[in-house]
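Residues per chain, in single letters:
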Amino acid sequence: MQRYSIFTLARNAANYHKGWGRAWRSAEPRAQYDVIIIGAGGHGLATAYYLAKEHNITSVAVVEKGWLGGGNTGRNTTIIRSNYLQDESAAIYQLAHRLYEGLSQELNFNIMFSPRGLMMLCQTEHELRSMTRNAHANRLFGIESRMISPKQVKKKVPIINMSAGVRYPVLGALYQPRGGTARHDAVAWGYARGADMRGVDIIQNCEVTGISVARGRVNAVETTKGRIRASKVAIVTAGNTTRLTDMAGLRMPIESVALQALVSEPIKPVLDVVIMANTVHGYISQSDKGELVIGGGTDDYNNYSQRGSFPALQHTVTALVETFPIISRLKMLRQWAGIVDMTGDRSPIISKTDVAGLFVNCGWGTGGFKSIPGSGFVFADTIANDRPHPIAEPFSIDRFLEGRFVDESVAAGVAH
Ligand code: FAD
Ligand code: PYC
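Residues numbered from 1 in each chain as written. Chains lettered and ligands numbered in written order. Predicted model: local features only at pLDDT ≥ 70, side-chain atom pairs only at ≥ 80, totals over all residues. Heavy atoms only, no water.

## So, the site of ligand 2
Within the structure, ligand 2 sits among Thr77, Ile79, Arg81, Met276, Tyr283, Thr366, Gly367, Lys370 and Val414. Interatomic distance of 2.7 Å between a side-chain N/O atom of Arg81 and an oxygen atom of ligand 2. Between an oxygen atom of ligand 2 and a side-chain N or O atom of Lys370, the distance comes to 2.5 Å. Expressed as a share of its isolated accessible area of 240 Å², the protein-covered part of ligand 2 is 96%. Of the residues belonging to the shell around ligand 2, the class tally is four nonpolar, three polar and two charged. (Near = heavy atom within 4 Å. Polar contact = N/O pair within 3.5 Å; in protein donor to acceptor, adjacent residues only side chain to side chain. Areas by Shrake-Rupley, 256 points an atom, 1.4 Å probe, with all protein chains shown as cover. Nonpolar A, V, L, I, M, F, W, Y, C, P; charged D, E, K, R; others polar.)

## Examining the site of ligand 1
Around ligand 1 lies a shell of 36 residues, among which Glu64, Asn72, Thr73, Thr77 and Lys370 are the nearest. His43 is positioned with one of its backbone polar atoms (N or O) 3.1 Å from an oxygen atom of ligand 1. Within the contact set of ligand 1, an oxygen atom lies 3.4 Å away from a backbone nitrogen or oxygen of Thr78. In isolation ligand 1 exposes 1000 Å². Once the protein is present, 97% of that is buried. For the shell around ligand 1, the secondary structure elements donating two or more residues are α2 (42-55), β13 (255-264) and β17 (332-342). With three residues, β13 is the largest single contributor of residues to the shell around ligand 1. Of the residues contributing to the shell around ligand 1, the split by class is 13 nonpolar, 18 polar and five charged. (Helix = DSSP H or I, 4+ residues; strand = E, 2+ residues; numbered from the N terminus.)

## Some remarks on the sheet that holds strand β11 (residues 226-229)
With respect to topology, three strands assemble into an open sheet ordered β9-β10-β11, the strand pairing being antiparallel. The open sheet is flanked by β9 (208-214) and β11, the only strands paired with a single partner. Taking the axes of each pair of neighbouring strands and ignoring which way they run, one obtains an average angle of 25 degrees across the sheet. As paired strands, strand β10 (residues 217-223) and β11 are joined by four bridges and run antiparallel to one another. Bridge pairing in β11 links Val221 to Ile228. (Pairing = 2+ DSSP bridges. Axes fitted to C-alpha atoms, helices over the stretch in contact; angles between N-to-C directions.)

Quick look at the structure:
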C-alpha cells in the first residue's frame, strides 16, 4: 500500500498523477474473518479502523452493497456539534468532537474539519427556554456552548432577517464556537484508507442477503459474493437496519424515513457560521465552493427508497425564506435524500443483541455524521471485548424494554 509524504505528493503533481496508487485495495471476500462489519458508511469504517488500531483485530471485512460512503455518510449536510442535553449524549458526542479535532492528523488525510462556529436559533419563547437549559447542561459537562443575544446573532450573520413583525423573530441563539463541518466523503475515505493499511478488507458491491444463526449464535453472512463465516458480525447499515436485523430474527425499535438536502448555485461568501433554525425546520451553511447547503425536516412517511418527497423540500425552503430572504433569489442546483434510522428517543443504539456475536450500531437518525469517530471508537471496544464500552452502555438496546430513554428529541434539532 502506497504511503504518502510531501515527496510523493510533489512527484505526483509534477508527473500529472501518473502512477498515483489506490487509497485502498479492491478486496474480494475470504472464506472467514474474525469480524464482519456490514455497511461501509462512516460508522462501519471507523469501527473497522479502531478494531485494527486499538485492538489489533485485523481479520476484519467491511461488506458494502454499493460503494463506500454512498449511504447517509456521503449525503449529509456535515454539521458537527456536541451541544446535546443529556450527560450520556454529551459524553459520546464530545468524544467524537474531540477526535474530529485531530482526525486529519490521526488519519494523515485532510478531512477539512472546519470549526467555524454553530448557532441554533431560538425563534419562540419556548425554544429560548429549552436552549438556555441546553447551554447550562453543556457548561456543566464542560462543553463550550453559550446563549447569545439577537444583536450578537445579527453581527455574526448579516444576511439574517431581524425586522419587526416577522412570523418567527430571532430571540437569541445557542452558540457553540467550535461547532462546524467536515468534508463527509473525506471522513469515509480517510477511515477506509487507515483500515485498509492495517489489513482490513473493504468489499464493495457485495450485498448481505442473509445472516446465519445457529443455537443462538451468529456464524456467517450470505452475500452476493458468497457465504462468509465469522463469529462476530456487526450491523451498521443506518436506514436499512431493520432489513438486516429481520434476517437474524430480531425486531428493532427503528423507523426508516427520508431526509433531504439541497444546494444552491455558488455565490460570494455570505455566511461563515453554521445555522440551525429548528422552529422553522431548516439549517443552512455555506460550502467552500460557495454553495448554500440547505436541509430541513424528514418526510412524513416511512420508506426505504432513498428519494425524498417534493412537499418536504418545498416546506424547508419556504420556511427558511423568511429568516434568510437571500434564498428567494438563488437557483437551487441539486437535491438528494438519504434514509435515516429513527429511534423513539432520538438517540442511537450501540449494542450487543440477543444473538451471541451479533452487534448493532444504528439509530443515529438525522444526526450521526458528527458522532462517527466516537461511535467507531466505542463500538470497536464493545465488539473486541464482548461487553459495552462505558460510553456505549446507556445506548444499549435494553433501554427500550426498561424505559431508560436518553431523550434527545429537542437537541436532535431536525423536525421528524
Ligand atoms: P450509512 O453512511 O448510511 O452507511 C450504511 C451503509 O450500509 C451504506 O453504505 C449502505 O449501502 C450499506 N448497506 C445497507 N444495506 C446493506 C446490505 N444489505 N449489505 C451491505 N451493505 C449494506 N448528521 C449529522 O451529524 N450532521 C448533519 O448535518 C447531518 N445531515 C444529514 C442530512 C441528510 C440529508 C441525511 C440523509 C442525513 C444527515 N445526517 C447528519 C445523518 C448522518 O448522515 C447519518 O447519521 C450517518 O451518516 C450514518 O452513518 P452510517 O455509517 O451509520 O450509515
Ligand atoms: O444533527 O446537527 C444535526 C443535523 C443538522 C442537520 C441535519 N442533522
